Amino acid sequence: MKHKLVKLLMLGNILIMVGCGAKEQTIQEQDNPVPETQMISTEQEDIENENIELSTTMQESTEEISEEQKETEQGENTQEAQYAVPDGYNVKKENVMYGTLETIEYDSKTTGTKRKANIILPAEYDTNKEYPVLYLLHGIGGDHNEWLGADPVVVIGNMIARKEAEEMIVVMPNIRARAEDAGNPSDIFTLEHFQAFDNFIYDLQDDLMPFIEENYSVEAGRENTAIAGLSMGGRESLYIGFTMADTFGYVGAFCPAPGVLPYDTEKGLFEKDEFVLPPEYDSYVMIVEGSNDNVVGQWPSTYHQTLLDNGVEHTYYVTEGGHDFNVWTHGLYHFAKELFHE
């Protein structure tokens, strides 16, 4: 961009010089008359030289812009190839054994109520084995059922069948941690509602995780525990994953919502320089952005840039789509590929 501005300034200066040169020449002609034929020849030569210079400058500028466009397109093509998904990755297949989906209720001391969550158990779940766990979080209007719109039973099942993912338990909770926790509430865009999502960290660590560990055959350790989410769930995944880095070794945020960092409505869950992992932990962090996301806008790339500035290693990519399951399921696929490998 700086090169483009320089070229434009050069063009402007040349045009100004042409105008000034013409005025100066007229004054000189009045003081020192020269033969008309010589004067015309000199003017033509000057104009030709100026035209050549203008043409050269414009050609160089055009070539530079084309080169930049070429580099951008090559980068986009490389990323698109790197983060492609196989055909039918989210389509149920006859020859695949899929896990089972069940809904549970647990007592929450955090909210003083019974709360629901959906659980996906791997095919042929065996209580004599221990399984890693992925906690998968919904968005601002959703609840524990929202992720079912992406059919994660099929997506994860297909990945396990193709040896692209490890067997795992997937927990899809309601992360609106308050007594009135129904989806799409009337106060959906209020600070009080946002704070109910931020309150989920306490429900998770004090109520839900102990229930899962007590009732399912779970493999302990941060290397066996992941958290990811879409939109508001992506915001909470970043908050929880960085705050509880001793618990979560994997953190995924698909089109994460604003609020992790300060902005005009909220003070932020972290200051910019605080958005880091403790030095003793090397969590795998992934941020996914939709190319046409008009809901959260540039926040995913802002989080990405902040992590770069803070020296936090992470994965970031942009995929075609908006604020929708095309992007979120795409993110889930690539995140799940990275989980729980020895």
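Residues numbered from 1 in each chain as written. Predicted model: local features only at pLDDT ≥ 70, side-chain atom pairs only at ≥ 80, totals over all residues. Heavy atoms only, no water.

Student: Would you mind showing me how to read the pattern of salt bridges here?
Tutor: Inspection of every chain in the model, using the stated rule, returns 12 salt bridges. Ionic pairing is found between Glu 164 and Arg 162, a salt bridge with its closest N-O pair at 2.8 Å. Judged by relative accessible area, which is 21%, Glu 164 ranks as partly exposed. For Arg 162, a relative accessible area of 31% gives the class partly exposed. Among the salt bridges present, the one from Asp 282 reaches Arg 222, with a minimum N-O distance of 4.0 Å. Of this pair, Asp 282 sits in the loop between strand 6 (250-254) and strand 7 (284-290) while Arg 222 sits in the loop between helix 5 (200-215) and strand 5 (225-230), and the two are 60 residues apart along the sequence. Residue class for Asp 282 comes out exposed when judged on its relative accessible area of 66%. Salt bridges sharing partners connect three or more residues here, namely Asp 198, Arg 235, Glu 236 and Glu 266. (Salt bridge = Lys/Arg side-chain N within 4 Å of Asp/Glu carboxyl O. Buried < 20%, exposed > 50% of the residue type's maximum accessible area, 1.4 Å probe, protein only. Helix = DSSP H or I, 4+ residues; strand = E, 2+ residues; numbered from the N terminus.)

Student: Just to check I follow, could you spell out the packing of aromatic side chains for this structure?
Tutor: The geometry of an aromatic ring pair is captured by the separation of the ring centres together with the interplanar angle, meaning the angle of the planes. One pass over the structure, following the stated rule, counts 18 aromatic pairs. Measuring from ring centre to ring centre gives 5.9 Å for Tyr 263 and Trp 299, while their planes differ by 65°; the resulting arrangement is edge-to-face. Taken as a pair, Tyr 263 in the loop between strand 6 and strand 7 and Trp 299 in helix 7 (residues 299-309) lie far apart in primary sequence, 36 residues in all. Ring-pair connections join several aromatic residues into one group, and the members of that group are Tyr 239, Phe 242, Tyr 263, Phe 270, Phe 275, Trp 299 and Tyr 303. (Phe/Tyr/Trp six-rings, centres within 6.5 Å; stacked < 30°, edge-to-face > 60°.)

Student: Would you take a moment to explain helix 5 for this structure?
Tutor: An α-helical turn contains 3.6 residues, so a residue and the one three or four places further along point in the same direction. Remark: the principal bend of helix 5, roughly 35°, maps to Leu 208, with a proline, Pro 210, within the next four residues. Buried within helix 5 are the following residues: Phe 200, Ile 201, Asp 203, Leu 204, Asp 207, Leu 208, Met 209 and Ile 212. (Bend = angle between axes of the 7 residues up to and from the residue.)

Student: Sorry if this is basic, but what is going on with the pairing of strand 8 (residues 315-319) here?
Tutor: Remark: a regular strand shows side chains that alternate across the two faces of the sheet. Taken across its five residues, strand 8 has four buried, putting it largely inside the fold. Sheet topology note: the strand 7/strand 8 ladder contains five bridges and is parallel. When the sheet's bridge partners are listed, Val 288 is paired in strand 8 with Tyr 317. For the segment spanning strand 7, helix 7 and strand 8, crossover handedness is right-handed. (Pairing = 2+ DSSP bridges. Right-handed = clockwise from strand over helix to strand, strands pointing away.)

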